[in-house]
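Below, each chain spelled out in residue letters.
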Amino acid sequence: MANHITFIGAGNMASAIIGGLIDSGFSPSSITATSPDDAMLAPVRERLGIHTDTDNNAAVSQADVVVLAVKPQIMRQVCEAMRDSVQHQKPLIISIAAGLDADTIDAWLGGGNALVRCMPNTPSLVGYGASGLFANARVSAEQRDVATELMEAVGIVEWVEDEALLEAVTAVSGSAPAYFFLMFEAMEEAGVKLGLPAATARRLAIQTALGAATMAKQSDKDPATLKQNVMSPGGTTERAIAHLEEANLRGTMEEAMQACAKRAQEMAKELSTNN
Ligand SMILES: NC(=O)c1ccc[n+]([C@@H]2O[C@H](COP(=O)([O-])OP(=O)(O)OC[C@H]3O[C@@H](n4cnc5c(N)ncnc54)[C@H](O)[C@@H]3O)[C@@H](O)[C@H]2O)c1
């Protein structure tokens, strides 16, 4: 594992990853998080016991891993302002920013960097994250292991060898928590129309999703078989599933995920040229 990890940005995703690292035994004294606003850093410092700094360059100068966790729209200005310290220190760079390709970030940091691009998701906050990772040619096998260990602290990790596949990862896991939250909203609304109190419908829907996901993860049966096991011939589930198939749920999911991946592509273009 790394000796010292610096997080540039101390927001939702950075706090989630830091929390996971500490829970998995990484020493808080080996972690620094930065933000220009010390008022944002105080709760992180107090809750997690890590170092904080309002100076990105000072924080980079002691790190062997630097995680870029600021919003994509300000990434260029943040990277260019710490270019000299990155070039001097040569840490492993891990960017979790959506839609910014490895070469663009590397160039903003002065070039020649070992850089991993990561697409995490918000369930990292509760240790159930799913991250897709891509390494540029300068990343060593040991640095890959460091990145894997870092992101496995908050969930599962899948490496892709073609950077463009991070767009697919964004569609399948990065943005996908929102698809399930939409499903919870819809199920709660429908449950209320069927007469249940909203809180009851919500609790039942969420617990059912948790149960279904846990079964799908633990079972050696594929999702189609698990689905079939719920569907008694001529029964209630068969009727509901037939309705979802007729309404083209599969086609709608495909279109939504294509739109997501396309937007990731557009963002990469917009952010690398207009940033
Ligand atoms: N939220 C998601 O679902 C999600 C999923 C995948 C990837 N991401 C990526 O994660 C990154 C962070 O997202 P987030 O949701 O944690 O955002 P956030 O707004 O919660 O956190 C951003 C942090 O950056 C800090 N910051 C601003 N300017 C800075 C500067 N000059 N130097 C250092 N820190 C600075 C802010 O104080 C804040 O703590 C983004 O690039 C986003 O694309 C987010």
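Just so we're clear, the structure is a prediction, and the values are computed from it rather than from any experiment.

(A) How the structure looks around the overall build of the protein chain. Looking only at helices and strands, the protein chain has 13 helices and eight strands in total. Structurally, the protein chain occupies a C-alpha span of about 70 × 40 × 35 Å along its principal axes. Burial analysis of the protein chain (275 residues in total) assigns 41% to the buried set. The long-range fraction of contacts in the protein chain, counting pairs at least 24 apart against all pairs at least 6 apart in sequence, stands at 60%.

(B) Representation of the pattern of salt bridges. Under the criterion given, the structure shown has nine salt bridges. When the shortest N-O distance is used, the salt bridge between Arg117 and Glu163 registers 2.7 Å. Of the two residues, Arg117 sits in strand S6 (residues 115-119) while Glu163 sits in the loop between strand S8 (155-159) and helix H8 (165-174), which places them 46 residues apart along the sequence. Residue classification places Glu163 among the buried positions, given a relative accessible area of 18%.

(C) Representation of the site of the ligand within the structure. If you check the shell around the ligand, you find 23 residues, and the closest are Asn12, Met13, Ser35, Val70 and Ala98. With respect to the ligand, the backbone of Gly11 contributes an N or O atom lying 3.1 Å from an oxygen atom. Asn56 is positioned such that a nitrogen or oxygen atom in its side chain is 3.0 Å from a nitrogen atom of the ligand. The fraction of the free accessible surface of the ligand (840 Å²) that becomes covered by protein chains is 80%. Elements with a minimum of two residues in the shell around the ligand: helix H1 (12-23) and helix H4 (72-81). Take the shell around the ligand: its biggest share by element is three residues, from H4. For the shell around the ligand, the per-class residue count stands at 15 nonpolar, seven polar and one charged.

(D) Inspection of the packing of aromatic side chains at higher detail. Under the definition given, this model contains one aromatic pair. Ring geometry for Phe181 against Phe184: centres 6.2 Å apart, planes inclined by 65°, an arrangement best described as edge-to-face. In this pair, Phe181 and Phe184 are both assigned in helix H9 (residues 177-193), three residues apart and thus about one turn of the helix distant. Judged by relative accessible area, Phe184 falls into the buried class, the value being 18%. The positively charged end of Arg144 is found above the aromatic ring belonging to Trp159, 4.6 Å away from the centroid.

(E) Quick look at the pairing of strand S5 (residues 92-95). Alternating residues of S5 divide into Leu92 and Ile94 and Ile93 and Ser95, and every residue in both groups is buried. Summarising the sheet, S5 and S6 pair through three bridges and their orientation is parallel. Paired with Ser95 across the bridge in S6 is Arg117. The β-α-β motif built from S5, the intervening helix H6 (residues 102-108) and the parallel element S6 has right-handed crossover chirality.

Thresholds, definitions, all that
- Residues numbered from 1 in each chain as written.
- Predicted model: local features only at pLDDT ≥ 70, side-chain atom pairs only at ≥ 80, totals over all residues.
- Heavy atoms only, no water.
- Helix = DSSP H or I, 4+ residues; strand = E, 2+ residues; numbered from the N terminus.
- Buried < 20%, exposed > 50% of the residue type's maximum accessible area, 1.4 Å probe, protein only.
- Contact = heavy atoms within 4.5 Å.
- Salt bridge = Lys/Arg side-chain N within 4 Å of Asp/Glu carboxyl O.
- Near = heavy atom within 4 Å.
- Polar contact = N/O pair within 3.5 Å; in protein donor to acceptor, adjacent residues only side chain to side chain.
- Areas by Shrake-Rupley, 256 points an atom, 1.4 Å probe, with all protein chains shown as cover.
- Nonpolar A, V, L, I, M, F, W, Y, C, P; charged D, E, K, R; others polar.
- Phe/Tyr/Trp six-rings, centres within 6.5 Å; stacked < 30°, edge-to-face > 60°.
- Lys NZ or Arg CZ within 6 Å of the ring centre and 35° of its normal.
- Pairing = 2+ DSSP bridges.
- Right-handed = clockwise from strand over helix to strand, strands pointing away.

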